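Below, each chain spelled out in residue letters.
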Amino acid sequence: MATRPSGRITEERAALRRVATLVGRSVPSEEVLAAVAAEAGRLLEADFAVLSRYDPDGAATVIGSWAETGPLPLAAGTRLESGGRSVHTLVYRTGEPARIDDYGDSPGQGADVARAWGIRSIVGVPISLEGRLWGVIGVASTREEPLPADTEAWLAGFTELVATAIANTQARAQLRGYAEEQASLRRVATLVARTTSPTEVFATVAAEVGRVLGVDLTVIGRYDPDGAATVVGTWTSTGVAVPNPAGGRVQLGGRNVTTQVFRTGRPVRFDDYADASGSAGQVGLGWGLRSLVGVPISVEGRLWGIVIAAYTHEKPLPSGAEARLAGFTELVATAIANAQARTELRGYAEEQAALRRVATLVARATAPEQAFAAVTAEVGRLLEVDFTFLSRYDPDGTAAVVGGWSRTDDDASAPVGRRLRLGGRNVHTLVFETRRTARMDHDDASGAAADVFRGSGIRSCVGAPIVVEGRLWGVMGAAYTHEEPLPVGTEARLAGFTELLATAIADAQARVELRGFAEEQAALRRVATLVARGAPPQDVFAAVAAEAGQLLKVDFTVLSRYEPNGNVAVVGGWARIDPGRPLAVGTRLEAGGRNMHTLVFQTGRPARLEDYDDASGPAADVARDWAFRSAVGAPISVEDRLWGVISVASSHEEPLPADTEARLAGFTELVGTALANADSQAALTASRARIVTAADTTRRRIERDLHDGAQQRLVTLALQLRAAQTAVPPAAEELAEELEHVTTELSSVLGELREMARGIHPTVLADGGLRPAMSSLARHCAVPVELDVRVPGRLPESVEVATYYVVAEALTNVAKHADASVVHVEVSPADDVLRICVRDDGRGGADLAGGSGLVGLKDRVEALGGRISLQSAPGTGTALEVALPLDGLTQPGAS
């Protein structure tokens, strides 16, 4: 080893003292390293001196340089790739000092630089820190003679103290960086403690990490369940926004830092990103990233996301970047957990408030449509989504949208009233098939439901089942229109919400069912009242058709009677929209084909048609003309015999509710009862009519027998007595007087018999009709009578007889009880009935049930199908009104 001249040793120590002084003053490391290069160059009387740091890939980065005169050949930051024949490469490969006295045609980047600057010889000595090769210090000369043989030894002795100086400088830099890092973390913690929103926290964290590590770009990403990562915070040293800002998404896969951290759960470094691949890799290349480090963020033991720090220039990130970033992410994870906890707590409070508002709405017995609209709006605002929907599953394999909400108030986005056919791959179908929550990306969705919602721009959707009283009732869904998927906890929040929603729906359904039951009972009571009053069947049929149509909210109701040959006759109908009904009363249709009338006739049971496109027969032709889409029919039976059918129909796309058959059955029972009552009433009326007719016939026979028998015999006997009286001798005066007395008594008996015969059946009525009969009754009445008889000709005998007895009984009652001054009698035909009115100005107080005479009149009138009424308030006189039907009655003797 060469002996160092004492002067040179003195200069070396002076140089080292100057470097040590710089380090002791906490001068920035860049200034210290530049001073080291200058001191070495001047000490060894070289033209150039360079201090370089080795990077993990073997390249060397210039961190300090010096030139005797002129510009520097290698500025700080210049990166020299490994390879070829250069001092940097030789020292890196061997870890020993290296010399090149002639670059000549040596290959490599270092040789190229040397030749460009006229360097003829160069010596490099390794710098080791803590037993590890850290870098190289070299001196170069442009002179022809090579550097002195002891240059390596001089440099080697110099680098020991240089290494110490560098270590001290690094220690101070690390200490300063640690302080900056702690200050940064304190700022983030303070921000979190102020309950700042997660978005602002992420942006601040990205900025703090970028400034602490001195990088060009930082990114915070969140891993999502669908195999993608979402950018939640970014920062750049230039302040220019990155191409994929917060909210941007990249799919995992390929070779890139985002995917590697996700797969390993550990820090990952890329010193050269040129060959990155996959969605995230392409985004990084688009940002111009050259080297980067990614560190996982774990929240409560679960991989939550990633923090990325990157350079856009060639030099790699410092070797300790992973450790510094990892230490930082521990506090970041705590901040995120705290922010999430606050967000969840705030969300829980908002959720409870929303549920309370819905519960209050339901408790007020709000209509289901209003409740559904309110629920979807509350969920939409609570979850901060773009759309929400509430759909009910129906027995026909469809889902009916009963509630919807849109952030933009776009009705097309929430198609309330639409029916969605289940099938394919979509949230409605998945929830229906599994009874569990479902999540869908609409790019992969299919089926009718997917088509409807895809048209609204929906990109992702989550649905939760609604179970009411153990039965799957429907589905509630929330959707986004932007690329970012719905948050991870959306299913759970929806599921928790639907539990209370199910209770609300059950309560609402109970109220609806109760209200519907009350309406149904009221409708049935109205019909039952009509039936109990003995209303004509045609009135009952019309009322039943109207009540059933209005109650079931259908468009048409048809009531038909089966004829013996299977044909049907329409006996009642109703239509919601004028004009009229699809089948007029009295219409007859031939049997056959596939339609409601035929199906019920063939089976004797309720029937349903969901689509009239496949229906056939005359009844189906009429139905199609009136745009029937679906119909339900129920049989009407009278005394266990199929009598007819009542059917209801809708012109809307959705089918009639599943309980339509059962609700129709209540009406068919009443129709059957009405028909049975009508038959009984008809039989009773006929029986009463036969009794009255028999009584009248008996009266006529008695009157005839009296007239032709007893009366004639009495007349003959009276004539014989008169003859015997003339034959009595004058001496028998006593006998003559006795015969005179008998003759007188016989004449009196004959008069009484004539009066009796006249009361049994008035001869004047039979001979002359109502006009003379009424005049006769008026003449014999003790109270003055004013007659108004407007009867053109003769009427049916039963009507004339009933009229006679009505007026006779009324006049008798007036004379006996009314204390009246005058009686008005009116008899006139009107609207196929004969109207009879007897009014007096007496004391009133008469009662149809008060005497056998009026009761008999009521029976006679009702036996003919007529009506009788009595108005007789005390002190206002009495008015007896009778209406006897003329339609269908025949003249005596008519065929």
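The notes below deal with the structure included here. (Residues numbered from 1 in each chain as written. Predicted model: local features only at pLDDT ≥ 70, side-chain atom pairs only at ≥ 80, totals over all residues. Heavy atoms only, no water.)

### Some thoughts on the overall build of the protein chain
Alright, step 1. Of the regular secondary structure elements, the protein chain holds 22 helices and 29 strands.
Alright, step 2. Every one of the 895 residues in the protein chain was classed for burial, and the buried ones make up 47%.
Alright, step 3. In the protein chain, of all internal contacts separated by at least 6 residues, the share reaching a separation of at least 24 is 57%.
Alright, step 4. Summed over all atoms, the accessible surface of the protein chain reaches about 43,300 Å², with 52% contributed by carbon and sulfur. (Helix = DSSP H or I, 4+ residues; strand = E, 2+ residues; numbered from the N terminus. Buried < 20%, exposed > 50% of the residue type's maximum accessible area, 1.4 Å probe, protein only. Contact = heavy atoms within 4.5 Å. Areas by Shrake-Rupley, 256 points an atom, 1.4 Å probe, with all protein chains shown as cover.)

### With respect to the sheet that holds strand 8 (residues 228–236)
Alright, step 1. One open sheet holds the six strands; their spatial order is 9-8-7-12-11-10, and the pairing between them is antiparallel. Strand pairing shows two members of the sheet lacking a second neighbour, strand 9 (249–251) and strand 10 (268–270), which therefore form its edges. For this sheet, the mean angle separating the axes of adjacent strands, direction not counted, is 25 degrees.
Alright, step 2. The sheet contacts of helix 7 (residues 257–264) involve strand 7 (217–224), strand 8, strand 10, strand 11 (291–299) and strand 12 (302–311), and relative to strand 12 the element is tilted by about 145 degrees.
Alright, step 3. The sheet contacts of helix 8 (residues 278–287) involve strand 7 and strand 9, and relative to strand 9 the element is tilted by about 130 degrees. (Pairing = 2+ DSSP bridges. Axes fitted to C-alpha atoms, helices over the stretch in contact; angles between N-to-C directions.)

### Let's talk about the side chain of T388
Alright, step 1. Residue placement: T388 occurs in strand 13 (residues 387–394).
Alright, step 2. In this structure the side chain of T388 is engaged in a polar contact, spanning 2.7 Å, whose partner is the backbone oxygen of T376. (Polar contact = N/O pair within 3.5 Å; in protein donor to acceptor, adjacent residues only side chain to side chain.)

### Describing the nonpolar core
Alright, step 1. M774, V827 and L834 are the most contacted members of the largest nonpolar core, which has 39 residues in total.
Alright, step 2. Broken down by secondary-structure element, the contributors of at least two residues to this core are helix 20 (770–780), helix 21 (797–818), strand 26 (823–830), strand 27 (833–840), helix 22 (852–863) and strand 29 (878–885).
Alright, step 3. The element that contributes the greatest number of residues to this core is helix 21, accounting for twelve residues.
Alright, step 4. Setting aside its immediate chain neighbours within four residues, L834 contacts L770, V791, L795, V799, T803, V827, S828, P829, V882, A883, L884 and L886.
Alright, step 5. Counting 27 residues, the second-largest nonpolar core is a separate cluster that includes V32, L51, V139 and L147. (Core = buried A, V, L, I, M, F, W, Y, C linked by side-chain atoms within 4.5 Å.)

### Considering helix 4 (residues 109–116)
Alright, step 1. G110, A111 and A114 are the residues of helix 4 that are buried. Down the axis of helix 4, the smallest arc covering the buried residues is 95 degrees, so these residues share one side.
Alright, step 2. G118 lies just past helix 4 and shows a positive phi near 75 degrees. (Arc of directions from axis to C-beta.)

### Here we look at unusual backbone geometry
Alright, step 1. Positioned with a positive phi, E45 is a non-glycine residue whose angle comes to about 55 degrees.
Alright, step 2. Inspection of the secondary structure puts E45 in the loop between helix 2 (29–43) and strand 1 (48–54).
Alright, step 3. With a phi angle near 55 degrees, E469 is a residue other than glycine that sits in the positive phi range.
Alright, step 4. By the secondary structure assignment, E469 is in the loop between strand 17 (460–468) and strand 18 (471–480).
Alright, step 5. A residue is classified by how much of its surface remains accessible, and E469, at 75% relative accessible area, is exposed.

### A few points about the environment of P107
Alright, step 1. Mapped onto the elements of the fold, P107 is located in the loop between strand 4 (98–100) and helix 4.
Alright, step 2. Sequence separation between P107 and G83 is 24 residues; the distance between their C-alpha atoms is 8.2 Å.

### Section: the sheet that holds strand 21 (residues 588–589)
Alright, step 1. If you trace the six strands from one edge of the open sheet to the other, you get 21-20-19-24-23-22, paired in antiparallel fashion. Edge positions in the open sheet fall to strand 21 and strand 22 (607–609), since each of these has one partner strand only.
Alright, step 2. Relative to strand 23 (residues 630–638), strand 22 is paired through three bridges, and the arrangement is antiparallel. Residue pairing across strands places A607 opposite G633, the latter belonging to strand 23.

### Considering the packing of aromatic side chains
Alright, step 1. One pass over the full model with this rule turns up nine aromatic pairs.
Alright, step 2. Where Y223 meets F262, the ring centres are 4.9 Å apart and the plane angle is 55 degrees; that geometry is what we call tilted. Placement of Y223 in strand 7 and of F262 in helix 7 is noted, with a sequence separation of 39 residues between them.
Alright, step 3. Under the relative-accessibility criterion, Y223 is labelled buried at 6%.
Alright, step 4. When the ring of Y562 is compared with that of F601, the centres are 4.9 Å apart and the planes differ by 50 degrees; the resulting orientation is tilted. Here Y562, found in strand 19 (residues 556–562), pairs with F601, found in helix 15 (residues 596–603); they are 39 residues apart in sequence, far enough to count as distant.
Alright, step 5. What makes Y562 buried here is its relative accessible area of 9%. (Phe/Tyr/Trp six-rings, centres within 6.5 Å; stacked < 30°, edge-to-face > 60°.)

### Some details on the pattern of salt bridges
Alright, step 1. Overall, the coordinates contain 25 salt bridges when judged by the stated rule.
Alright, step 2. Its salt-bridge partner being R419, residue D394 comes within 2.6 Å of it at the nearest N-O pair. Of this pair, D394 sits in strand 13 while R419 sits in strand 15 (residues 419–421), placing them 25 residues apart in sequence.
Alright, step 3. Judged by its relative accessible area of 22%, R419 falls in the partly exposed class. (Salt bridge = Lys/Arg side-chain N within 4 Å of Asp/Glu carboxyl O.)

### Topic: helix 6 (residues 198–213)
Alright, step 1. In this model helix 6 runs 22 Å from its N-terminal to its C-terminal C-alpha over 16 residues, within 8% of the 22 Å that 1.5 Å per residue would give.
Alright, step 2. Regarding helix 6, the residues found buried are V201, F202, V205, A206, A207, E208, V209, G210, V212 and L213. (Expected span 1.5 Å × (residues − 1).)

### Digging into the pairing of strand 1
Alright, step 1. The element strand 1 is largely enclosed, with a buried count of six among its seven residues.
Alright, step 2. Sheet topology places strand 1 next to strand 6 (residues 132–141); six bridges connect them, and they run antiparallel. Across the sheet, S52 pairs through a bridge with V136, a residue of strand 6.
Alright, step 3. Looking at chain direction, strand 1 and strand 2 (residues 60–67) are connected through seven bridges and run antiparallel. Residue V50 lies in a different strand from strand 2, and its bridge partner there is S65.
Alright, step 4. Connecting strand 1 to the next strand, strand 2, in antiparallel fashion are five residues, including G58 with a positive phi near 90 degrees.

### What about the side chain of T151?
Alright, step 1. Within the secondary structure layout, T151 lies in helix 5 (residues 151–193).
Alright, step 2. Taking relative accessible area as the criterion, T151 reaches 2% and is therefore assigned buried.
Alright, step 3. Every residue in contact with T151, bar those within four places of it in the chain, is listed here: L44, R99, V123 and V139.

### Considerations on the packing of helix 20 against helix 21
Alright, step 1. Remark: helix 20 packs on helix 21, axes separated minimally by 10 Å, with the N-to-C direction vectors making an angle of 15 degrees. As summarised for this structure, helix 20 and helix 21 are arranged roughly parallel, according to the angle between their axes. In this structure, helix 20 crosses over helix 21, and the sense of that crossing is right-handed. Residues L770, A773, M774, L777 and A778 of helix 20 form the contact with helix 21, whose participating residues are E800, T803, Y804, V807, A808 and L811. (Parallel < 35°, antiparallel > 145°, perpendicular 65-115°, else oblique. Left-handed = near helix turned anticlockwise from the far one by under 90°.)

### Looking at the pairing of strand 12
Alright, step 1. Burial within strand 12 is extensive, with eight of its ten residues counted as buried.
Alright, step 2. Note: strand 7 against strand 12, six bridges, orientation antiparallel. Counterpart to R222 in the pairing with strand 12 is G305.
Alright, step 3. Of the pairings in the sheet, the one linking strand 11 to strand 12 comprises nine bridges and is antiparallel in character. Within strand 12, the residue paired with L292 across the bridge is A310.
Alright, step 4. Where strand 11 folds back on strand 12, the antiparallel hairpin that results is connected by two residues, among which E300 adopts a positive phi of roughly 55 degrees.

### Thoughts on a negative patch on the surface
Alright, step 1. On the surface, E733, E734, E737 and E738 cluster together into a patch of negative charge.
Alright, step 2. Overall, E733 belongs to the exposed group, its relative accessible area being 56%. (Patch = residues over 30% accessible without salt bridge, like charges linked within 9 Å, V, L, I, M, F, W, Y side chains within 5 Å. Lys, Arg positive; Asp, Glu negative; His and termini not counted. Charge placed at Lys NZ, Arg CZ, Asp CG, Glu CD.)

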